[in-house]
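# Per-entry structural report
Residue strings, one per chain:
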Amino acid sequence: MDLMNYSPLGDKKNSDFFEEYLPRVYRRRADAGIDEIVGNMAGVVIQVDNGDAIAYLAELALMGPYRLTDSRLTATHRIFLLRSRPEYPRLIVLEPLSPDWLEEITRWNRMYPLSRTKPNARYIGEIYKTSSCADVRTALEPQNIRFIYEGDQANSFYCSDHMTFSFLSDFTYNRVGYVDVDLDDLDALGFRERFTPAPDDLATIDAAAALQTEHGIDGLVLGLDHMATRILADEREDAILEYLTMVPYYFWGAYNIVEMNSSTNVTRRPDVGDDRISPARVFTANNTPSFVNSFEGLPMPTEDFVRNFGRRMHHMAYAVVDGDVAGEKNVDYVVGELNELGTEFLAHVVGECKDEPNLKQIFSRASVYSLLITEYIERCHGYEGFFTRSNVAALTQAAGEAERYEHGHVFD
Ligand SMILES: [Fe+2]
């Protein structure tokens, strides 16, 4: 794919600043070797509060493809490694050993009215495969990307011989990590102290996975399709350019969702074929900041969310296999079964998949453990696009209404 001659899709207009720097970022990335030494996404990292990990792993086992394969202990955390298909990214859950664990995430969560009750719950970021963590730092540090060194963080997960993480981005409050050994090999990463969850805890997770199988959901939910982060209106272009500085993705395009005063901006891995191997990273931001929006009084669920929870990952989307079960589309079937098992969804499945290519999507209610919404997305009849404007508008609206409904009008 020729990034320099690619025309992004969608109708969201970018500034001259963005148009000038996007090709410069691509060119510098190639010159600095990032395109060569950084590859596909190896995993995503989520931290939950002390005491929440087992319940969260059970929730993941019921709702998606991720299964526990290994667990380790560090001086400060339990590390849980989960896997879907071998070629798809891993999911790592971090759980602080102490209920009093305090780090910058705790402080940032405490600054926002709706994330205070789960002060250590945060989607941390993605980890990318690299041939050398040292080479990544050498390439990116002159570009003012900051990395964690020993002693910077009490949590040793963020700085080991074979894995390195950036500082939390001021635009997204997420990190980017890089790993130069197999992410499945926790010994090679230096996390050598094995720990096995209690039999009751393992039974809880297994029971959730068994329910998923009994209900015929397990084969239908594939790996991660995309993750969508919510940021402030005026930081949209900075956040995208910063991310594209650090990872070998490209700006696929952006849709203006006028009626929700927001835009959805998509970055993807070029030439990967199957997005699930290296999922798309989506950025959503208001078109105008909240105080300016007050002139028009449009709904603005995106910036409401950021003001309520801080900049953070809003949802993870799982791809649903395209097809039908007993006369309904797979996504409708999955949602119906999960609903029966107690999973709550926001509004209903949006999009129509009668006979022509299209996509159907739905949001779950946010997890009480990770604060993340789970999206299910089925691309029907070989739909080749990535998003439709109308679906994004409907989903954005549903998420905003749920937030108001669940938390009252106080933080609207
Ligand atoms: Fe999404």
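Our subject in this report is the structure included herewith. (Residues numbered from 1 in each chain as written. Predicted model: local features only at pLDDT ≥ 70, side-chain atom pairs only at ≥ 80, totals over all residues. Heavy atoms only, no water.)

### Overview of the overall build of the protein
- Of the regular secondary structure elements, the protein holds 11 helices and 18 strands.
- By the compact-globule yardstick of 22 Å for 412 residues, the protein fits well, its C-alpha radius of gyration being 20 Å.
- Principal-axis analysis of the C-alpha atoms places the extent of the protein at approximately 50 × 50 × 45 Å.
- Split into buried and exposed, the 412 residues of the protein put 60% on the buried side.
- Of the contacts made within the protein by residues no fewer than 6 positions apart, 70% connect residues no fewer than 24 positions apart. (Helix = DSSP H or I, 4+ residues; strand = E, 2+ residues; numbered from the N terminus. Rg over C-alpha atoms; globule rule 2.2 N^0.38 Å. Buried < 20%, exposed > 50% of the residue type's maximum accessible area, 1.4 Å probe, protein only. Contact = heavy atoms within 4.5 Å.)

### A word on unusual backbone geometry
- A positive phi angle, close to 60 degrees, is found at D271, a residue other than glycine.
- Residue position: D271 is located in the loop between β11 (262–268) and β12 (280–286).

### Some thoughts on the pairing of strand β13 (residues 312–320)
- Among the 9 residues that make up β13, 9 are buried, leaving the element largely enclosed by the rest of the structure.
- As paired elements, strand β9 (residues 221–231) and β13 share 7 bridges and run antiparallel to each other. Note that in β13 the partner of V221 across the bridge is V320.
- Note that β13 and strand β18 (residues 373–380) share 5 bridges and pair parallel. Paired with A319 across the bridge in β18 is I377. (Pairing = 2+ DSSP bridges.)

### Examining helix α6 (residues 199–214)
- Between its first and last C-alpha atoms α6 spans 22 Å; for 16 residues at 1.5 Å apiece the expected length is 22 Å, and the two agree.
- Restricting attention to buried positions, one finds in α6 the residues I205, A208, A209 and Q212. Seen along its axis, α6 keeps its buried residues to an arc of 95 degrees; they face one direction. Exposed and facing more than 90 degrees away from the buried side of α6 are P199, D200, D206 and E214.
- Packing partners of the buried residues in α6 comprise α3 (53–63) and β2 (67–73). (Expected span 1.5 Å × (residues − 1). Arc of directions from axis to C-beta.)

### Considerations on the sheet that holds β11
- Taken in spatial order, the 8 strands make up an open sheet running β10-β11-β12-β9-β13-β18-β17-β16, and their pairing is mixed. For this open sheet the edge positions go to β10 (250–257) and β16 (345–350), each flanked by a neighbour on one side alone. Put simply, the sheet's adjacent strands are angled 20 degrees from each other on average, direction ignored.
- As paired strands, β9 and β12 are joined by 6 bridges and run parallel to one another. Following the sheet pairing, M227 is matched in β12 by R281.
- Contacts between helix α9 (residues 301–309) and the sheet are confined to β9, β11, β12 and β13, with β9 contributing the most and set at about 80 degrees to the helix.
- Against the sheet, helix α10 (residues 330–340) engages β9, β13, β16, β17 (358–364) and β18, with an angle of about 160 degrees to β16. (Axes fitted to C-alpha atoms, helices over the stretch in contact; angles between N-to-C directions.)

### Here we look at the layout of surface pockets
- Roughly 670 Å³ of volume is contained in the largest pocket.
- As for the largest pocket, its lining consists of 31 residues, of which Q143, N144, I145, F171 and E242 are closest to the centre.
- Breaking the lining of the largest pocket down by element, the ones donating at least two residues are α1 (16–32), α4 (104–110), β8 (175–179), α7 (236–246) and β12.
- A per-element tally of the lining of the largest pocket places α7 first, with 7 residues.
- The residue makeup of the lining of the largest pocket, split by class, is 15 nonpolar, 7 polar and 9 charged. (1 Å grid on protein atoms, 1.4 Å probe; cavity = no way out; pocket = protein on both sides within 12 Å on 5 of 7 lines; lining within 4 Å. Points joined across faces, edges and corners; volume = space filled by probe spheres on them. Nonpolar A, V, L, I, M, F, W, Y, C, P; charged D, E, K, R; others polar.)

### Side note on the nonpolar core
- Counting 85 residues, the largest nonpolar core has L91, V93, Y128, Y178, M316 and Y376 as its most contacted members.
- With 9 residues, the top contributor of residues to this core is α3.
- Look past the residues within four positions of M316 in its chain and what remains in contact with it is I46, Y56, L91, Y123, L224, H226, M227, L372, I373, T374 and E375.
- I105, I124, I148 and V179 belong to the second largest nonpolar core, which has 23 residues in total. (Core = buried A, V, L, I, M, F, W, Y, C linked by side-chain atoms within 4.5 Å.)

### Examining the environment of A207
- If you trace the backbone, A207 turns up in helix α6.
- Given the relative accessible area of 43%, A207 is considered partly exposed.
- A C-alpha to C-alpha distance of 8.9 Å links A207 and A61, two positions 146 residues apart in sequence.

### Some thoughts on the environment of F17
- Position of F17 among the secondary structure elements: in helix α1.
- Distance from F17 to L73, taken between C-alpha atoms, is 46 Å for residues 56 residues apart in sequence.
- When residues no more than four places from it in sequence are discounted, the contact partners of F17 are E237, D238 and L241.

### Some words on empty space enclosed by the protein
- Taken as a whole and assessed by the stated rule, the structure comprises 2 cavities of 30 Å³ or more.
- Estimates place the volume of the largest cavity at around 130 Å³.
- Looking at the largest cavity, it is lined by 14 residues, and the ones nearest its centre are T264, H315, F363, V392 and T396.
- For the lining of the largest cavity, the secondary-structure elements that each account for two or more residues are β9, β12, β17 and α11 (389–407).
- Per-class residue counts for the lining of the largest cavity are 6 nonpolar, 6 polar and 2 charged.

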